[in-house]
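Listed here are the chains, written in short residue letters.
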Amino acid sequence: MSKFFDRLTPELTQFIGAQPVFFVATAAPQGRINLSPKGMDTFRVLDEKRVAYLDLTGSGNETAAHLLRDGRITIMFCSFGNNAEIARIYGRGAVIGPDHARWPELAANFPKLPGVRQIMEIGVESAMTSCGYAVPRMGEMTGRDTLEKYWLKRTEEEKRDYWQTHNLRSIDGLPTGFAETTAPGSGSSSRNRR
């Protein structure tokens, strides 16, 4: 049976903190819906009405483009263990880049990981739990360090160059805002890739 909440309860916060993976869904008013899996130690409940996650540099930047255009975001956590439960957070998100005035305050909540790109801060409008009876039980999940190793081998200059040539537009051509906030002067070019 589904239960709805207007804030994150201590029980929801505990459940969220125990999950090793979460999923982020966003959409602009038109175009594709984006759904991304996230892992590592990158999610934080800041208070009962506010959460954030650390966004690492990867192959796409759809979430940023959608948040800049529309703001709506859904985050889902599901248990793959014996406790069959799903929790969703519905809210509005903002993209906080390293040059933002609030970056130091938010970044202090997370470990220092290589390849950090931005922080997604979400105001919680509502939350919901559901049974998760159809979600399979899975064996112990272990972290994957491939992305971390990739960015540990790169210099700051290589990281900035990547930011200036990748992820500047969504799959549907929407600007991610990343070049404007994190890589000043990079602008748009024919080299922009998703």
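Located above this text is the structure these notes cover.
In short, a report on the structure. This structure is a prediction, so every number in the text was calculated from the model and none was measured. (Residues numbered from 1 in each chain as written. Predicted model: local features only at pLDDT ≥ 70, side-chain atom pairs only at ≥ 80, totals over all residues. Heavy atoms only, no water.)

**Some remarks on the nonpolar core**
Selection rule: Nonpolar core, defined: a set of buried Ala, Val, Leu, Ile, Met, Phe, Trp, Tyr and Cys residues in which side-chain atoms within 4.5 Å join the residues together. Partly exposed residues are those whose accessible area sits between 20% and 50% of the maximum for their type, while under 20% is buried and over 50% is exposed, using a 1.4 Å probe and protein chains only. Helix and strand labels come from DSSP, where a helix needs a run of H or I of at least four residues and a strand needs a run of E of at least two; each type is numbered from the N terminus. In this analysis, two residues are considered to be in contact whenever any of their non-hydrogen atoms come within 4.5 Å of each other.
Membership of the largest hydrophobic core comes to 20 residues, with the highest contact counts inside it found for Leu8, Phe43, Val51, Tyr53, Ile75, Phe77 and Ile89. Only α1 (10–18), β2 (22–27), β5 (50–56), α2 (62–69), β6 (72–78), β7 (86–96) and β8 (116–130) provide two or more residues apiece to this core. In terms of residues, this core owes the most to one element, β8, which gives 4 residues. With residues near it in sequence (within four places) discarded, Val51 still touches Leu8, Phe43, Arg44, Val45, Leu46, Ile75, Ile89, Met120, Glu121, Ile122 and Val124. Grouped together as the second largest cluster of nonpolar side chains are 10 residues, Leu56, Ile96, Phe110 and Leu113 included.

**Quick look at the environment of Arg50**
Mapped onto the elements, Arg50 comes out in strand β5. The exposure class assigned to Arg50 is partly exposed, which follows from its relative accessible area of 24%. For Arg50 and Phe77, which are 27 residues apart along the polypeptide, the C-alpha to C-alpha distance reads 16 Å. If sequence neighbours within four positions are ignored, Arg50 has contacts with Val45, Arg102, Glu105, Leu106, Glu121, Ile122 and Val124.

**Here we look at the state of the cysteines**
Condition: Disulfides are defined in this document as cysteine sulfur pairs within 2.5 Å.
If you walk through the whole model with that rule in mind, you get 0 disulfides. Here Cys78 is not cross-linked by a disulfide; its sulfur's nearest cysteine counterpart is in Cys131, at 12 Å. For Cys78, a relative accessible area of 5% puts it in the buried group. Cys131 gets classed as partly exposed once you look at its relative accessible area, which sits at 31%.

**Remarks on α1**
The following threshold applies: Note that the arc is defined by the directions from the helix axis to the C-beta atoms.
Among the residues making up α1, those that are buried are Leu12, Phe15 and Ile16. Buried residues of α1, viewed axially, fall in a sector of 100°; they line one side. In α1, the exposed positions that point more than 90 degrees away from the buried face belong to Pro10, Glu11, Gln14, Gly17 and Ala18. On its buried face, α1 sits against β1 (3–5), β4 (43–47), β6, β7 and β8.

**Let's talk about the packing of aromatic side chains**
Let me state the cut-off plainly: Aromatic rings from Phe, Tyr and Trp, taking only the six-membered ring of Trp, are treated as a pair when their centres fall within 6.5 Å; an angle between ring planes under 30 degrees marks them as stacked, one over 60 as edge-to-face, and anything in between as tilted.
Tallied over the entire structure, the rule returns 6 aromatic pairs. Plain terms: the ring middles of Phe22 and Tyr53 are 5.5 Å apart, the flat faces sit at 65° to each other, and that makes the pair edge-to-face. Taken together, the positions of Phe22 in strand β2 and Tyr53 in strand β5 put the pair 31 residues apart, joining distant regions of the chain. The exposure classification of Phe22 matches that of Tyr53, with both residues buried.

**A word on the pattern of salt bridges**
Condition: The salt bridge criterion pairs a side-chain nitrogen of Lys or Arg with a carboxyl oxygen of Asp or Glu, the two atoms within 4 Å.
Considering all chains together, one arrives at 14 salt bridges under this definition. Between Glu48 and Arg7 there is a salt bridge, and its shortest N-O distance comes to 2.6 Å. Placement of the pair is Glu48 in the loop between β4 and β5 and Arg7 in the loop between β1 and α1, with a sequence separation of 41 residues. Asp145 is the partner of Lys149 in a salt bridge, and the nearest nitrogen-oxygen pair spans 3.6 Å. For Lys149, a relative accessible area of 45% translates into the label partly exposed.

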